[in-house]
Amino acid sequence: MRTQPRLVVRDMRSDDVDAVVAILRSWVQAPWMEEAFPALRASAEAVTDQRFVVAESVPDGAVVGVMGLMWGDIDPELLDGTEATAELVRAYVADPTRGTGVGTALADHLEGVAREMGFTRLVIESGSIHRETGYPFWRRRYGEPFLVSPDHWGPGVERVAWRTSLTD
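Read on for an overview of the structure. (Residues numbered from 1 in each chain as written. Predicted model: local features only at pLDDT ≥ 70, side-chain atom pairs only at ≥ 80, totals over all residues. Heavy atoms only, no water.)

1. Concerning the sheet that holds strand β1 (residues 7–11)
Across the sheet, which stays open at both edges, the seven strands sit in the order β1-β2-β3-β4-β5-β7-β6 with mixed pairing between neighbours. A strand with exactly one partner marks an edge of an open sheet, and here the two such strands are β1 and β6 (147–149). Adjacent strand axes in the sheet meet at a mean angle of 20 degrees when their direction is disregarded. Two strands pair when backbone bridges link them, and strand β2 (residues 50–57) and strand β3 (residues 63–70) are joined in this way by seven bridges, in the antiparallel orientation. Considered in β3, the bridge of Gln50 is made with Met70. (Pairing = 2+ DSSP bridges. Helix = DSSP H or I, 4+ residues; strand = E, 2+ residues; numbered from the N terminus. Axes fitted to C-alpha atoms, helices over the stretch in contact; angles between N-to-C directions.)

Right, dumping it as structure tokens:
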């Protein structure tokens, strides 16, 4: 078992963007990920409907994880129409610290932020490239997905989604 690092979870700042981009690129080499970088920069400058946080290791200050909360452009298929819903997005942890609680700390923090903002439901959407890493994390945290779309992003490229109440 890996040693759990001491962490501070905080809002992402502009000077974190390069470290966050490096973490994202270490996990996903795809054009759609590159399209996310402007949103990251905008979030760091607080001019968006997304909020990103980072996990910073203590005492060295290295950024070891990132996760975002989005409340604007959520796919209607993920909504139930009765709840104020936010979505967790771009959840990635630097490989050397995977399995040490970084993802849990980020998700716990953003669940609290979502509650403070008045959201009552949270959704999470993931895809095939995260079967080995993301799916197990989300299943442990939120149980079985409520939606599985086998060819959502193309033949054999599935979308899986979870949701949870923030009022329980």
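So much for the structure itself; the text now carries on.
2. Concerning the pairing of strand β4 (residues 85–93)
Burial runs high along β4: seven of the nine residues are buried. Where β3 and β4 come together, five bridges link them in antiparallel fashion. Its bridge partner lying in β4, Gly68 is registered against Val89. Relative to strand β5 (residues 121–127), β4 runs parallel, the two being bridged by four bridges. Bridge pairing in β5 places Thr85 opposite Arg121. A crossover links β4 with its parallel partner β5, the connecting element being helix α4 (residues 102–116), and its sense is right-handed. (Buried < 20%, exposed > 50% of the residue type's maximum accessible area, 1.4 Å probe, protein only. Right-handed = clockwise from strand over helix to strand, strands pointing away.)

3. Re the pattern of salt bridges
What the rule picks out here adds up to 15 salt bridges. Of the charged contacts, one joins Arg98 and Asp95 as a salt bridge, the two residues approaching to 3.9 Å between their closest N and O atoms. Judged by relative accessible area, Arg98 falls into the partly exposed class, the value being 31%. Connected via shared salt-bridge partners are Asp75, Glu77, Glu125 and Arg159. (Salt bridge = Lys/Arg side-chain N within 4 Å of Asp/Glu carboxyl O.)

4. Brief notes about the environment of Val66
Along the chain, Val66 falls in strand β3. For the pair Val66 and Phe137, spaced 71 residues apart in the sequence, the C-alpha separation amounts to 15 Å. Once you skip the residues sitting within four places of it in the chain, Val66 turns out to touch Val20, Leu24, Phe52, Val53, Val54, Arg90, Ala91, Tyr92 and Leu106. (Contact = heavy atoms within 4.5 Å.)

Shape is all these values report; function is a separate question.
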